[in-house]
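Residues per chain, in single letters:
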Amino acid sequence: MGERKVLNKYIPADFDPLLVPRSKKPKDDLVTVRMMLPFSIQCSTCSSFLYRGRKFNSKKEAVKGIEGKYLGIQRFRFYIKCTDCARPITFLTDPKNADYEMESGGTRNYEVWHDESKVNAENEKSVEEEEKLDSMKALENRVAESQREMAEMDALEEIRAMNERHTRLMKGGKKGDVAEQVLKAREDQVAEKLLDLNENGLTKDEEDLVQSIKFGKAGGDSTDAAVEIHRLDEQDELLAEKRRQEEAAAIMNKQTQRNEEDKKKSITVPVFKVKRKKKKISSDTTNTSSSSTVPEAKRAKVQEEEKKAELNPPPEEPTGLSGLLGGYGSDSDSD
């Protein structure tokens, strides 16, 4: 097994390469190539999609004729078959656009970047034609292009200066001192800005403005009311805070009183008057009952009670919720 790993193989002295049989050329100069689809394809027969990057055992051949070469570059044709209906699909190389070109058997799917490059090329061509026809337009385009180039050069110079500053910081000391140097540079910048500030943190103009304001009684005619201007201290702030708290408490009290009044109005119950039914005993019924079941003494007693009831009517019943409940409790048919 060791002889298959050697780099130089034994060639006998009487070896004649002309006697070695030549291999047969492939039919129609077709070469089997394992490749992936360079773009997505939709089959024209079964409308199935073959997506970009799918691997195929394709057949490759050189394109013959006038379109076989572009500027001396050979073009090739690839044959594949649809995975669903086995229809042959062919596409060509396109060295002019550094791309592939669909030939037959399917349609190429839409690709944004492909159209974008095409549109950009068309726009450039149209701009060139406009510049040829209109000299003022060409001058404006050149001015705009020069301004853009100047802006790019300024940005590039700024980046270079920043990189040089960083390299100086890195070379100035050890790696551990880089952070300290950056902080020191930052503090120096802040100190330069604070040089113009006094102990109160004000600039000279602000301090002059404060000094120009005179506190105390305002000057002027005697007819004007004396106005005193003074600074607010802690006591004044406490008084103002107390005043605000009192106002807030008064507002809360008014709100609670209003809520209580609304509740009282909503709790009121409507008053219903309940009248008792007076029992009327007719003379005919009393006569018949007395003659049959009630004795004469009892009948006389009943008549006296009826007269008293007619002379002394019952008192008026109380109104409200208590009267309503009392009326229902006293009314009974057991008498």
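Cut-offs used in this document
Residues numbered from 1 in each chain as written. Predicted model: local features only at pLDDT ≥ 70, side-chain atom pairs only at ≥ 80, totals over all residues. Heavy atoms only, no water. Patch = residues over 30% accessible without salt bridge, like charges linked within 9 Å, V, L, I, M, F, W, Y side chains within 5 Å. Areas by Shrake-Rupley, 256 points an atom, 1.4 Å probe, with all protein chains shown as cover. Salt bridge = Lys/Arg side-chain N within 4 Å of Asp/Glu carboxyl O. Lys, Arg positive; Asp, Glu negative; His and termini not counted. Charge placed at Lys NZ, Arg CZ, Asp CG, Glu CD. Helix = DSSP H or I, 4+ residues; strand = E, 2+ residues; numbered from the N terminus. Buried < 20%, exposed > 50% of the residue type's maximum accessible area, 1.4 Å probe, protein only. Pairing = 2+ DSSP bridges. Phe/Tyr/Trp six-rings, centres within 6.5 Å; stacked < 30°, edge-to-face > 60°. Lys NZ or Arg CZ within 6 Å of the ring centre and 35° of its normal. Expected span 1.5 Å × (residues − 1).

(A) View of a negative patch on the surface. On the surface, Glu124, Glu128, Glu129, Glu130, Asp134 and Glu140 cluster together into a patch of negative charge. If you tally residues by element for the negative patch, the top one is helix α1 (residues 112-133), at 4 residues. Relative to the helices and strands, Glu128 is located in helix α1. A relative accessible area of 48% means that Glu128 is categorised as partly exposed.

(B) Representation of the pairing of strand β4 (residues 55-62) in the model. Strand direction decides the pairing type here: strand β1 (residues 31-36) and β4, joined by 6 bridges, are antiparallel. Across the sheet, residue Met35 finds its bridge partner in β4, namely Phe56. In terms of strand pairing, β4 meets strand β7 (residues 76-81) through 4 bridges, oriented antiparallel. Counterpart to Lys60 in the pairing with β7 is Phe78.

(C) Main features of the packing of aromatic side chains. Summed over all chains, the structure comprises 4 aromatic pairs. Seen in terms of ring centroids, Phe49 and Tyr51 are 6.1 Å apart; in terms of plane orientation they differ by 20°. Their pairing is stacked. You can call Phe49 partly exposed: its relative accessible area is 37%. One aromatic cluster in this structure is built from Phe39, Phe78, Phe91 and Tyr100. Residue placement shows Lys60 over the ring face of Phe76; its charged tip is 4.8 Å from the ring centre. Directly above the ring of Phe39 sits Arg108, whose terminal nitrogen or CZ lies 4.3 Å from the centroid.

(D) Region of interest: helix α7 (residues 296-311). Here α7 spans 23 Å end to end across 16 residues, near enough to the 22 Å set by a 1.5 Å rise per residue. The element α7 is largely exposed, with a buried count of 0 among its 16 residues.

(E) Focus on the sheet that holds strand β10 (residues 106-108). Ordered by their spatial adjacency, 3 strands build an open sheet running β3-β2-β10, and the pairing between neighbours is antiparallel. Looking along the sheet, the strands with just one partner apiece sit at the ends: β3 (49-50) and β10. Where strand β2 (residues 41-43) meets β3, 2 bridges bridge the pair, whose relative direction is antiparallel. In the strand pairing of β3, Ile41 is matched with Leu50.

(F) Main features of the pattern of salt bridges. The final tally for this structure, using the stated rule, is 9 salt bridges. The closest approach of N and O atoms between Glu61 and Arg77, which form a salt bridge, is 2.9 Å. Here the residue Glu61 occupies a position in strand β4, and Arg77 occupies one in strand β7, the gap between them amounting to 16 residues. Summarising the burial analysis for this pair, Glu61 and Arg77 share the class buried. Between Glu111 and Arg108 there is a salt bridge; the shortest N-O distance is 3.1 Å. Owing to a relative accessible area of 15%, Glu111 belongs among the buried residues under this scheme. Among the residues examined, Arg108 registers a relative accessible area of 23% and is labelled partly exposed. Salt bridges sharing common partners tie together Glu61, Arg77 and Glu103.

Bear in mind that shape data such as this cannot, by itself, settle questions of function.
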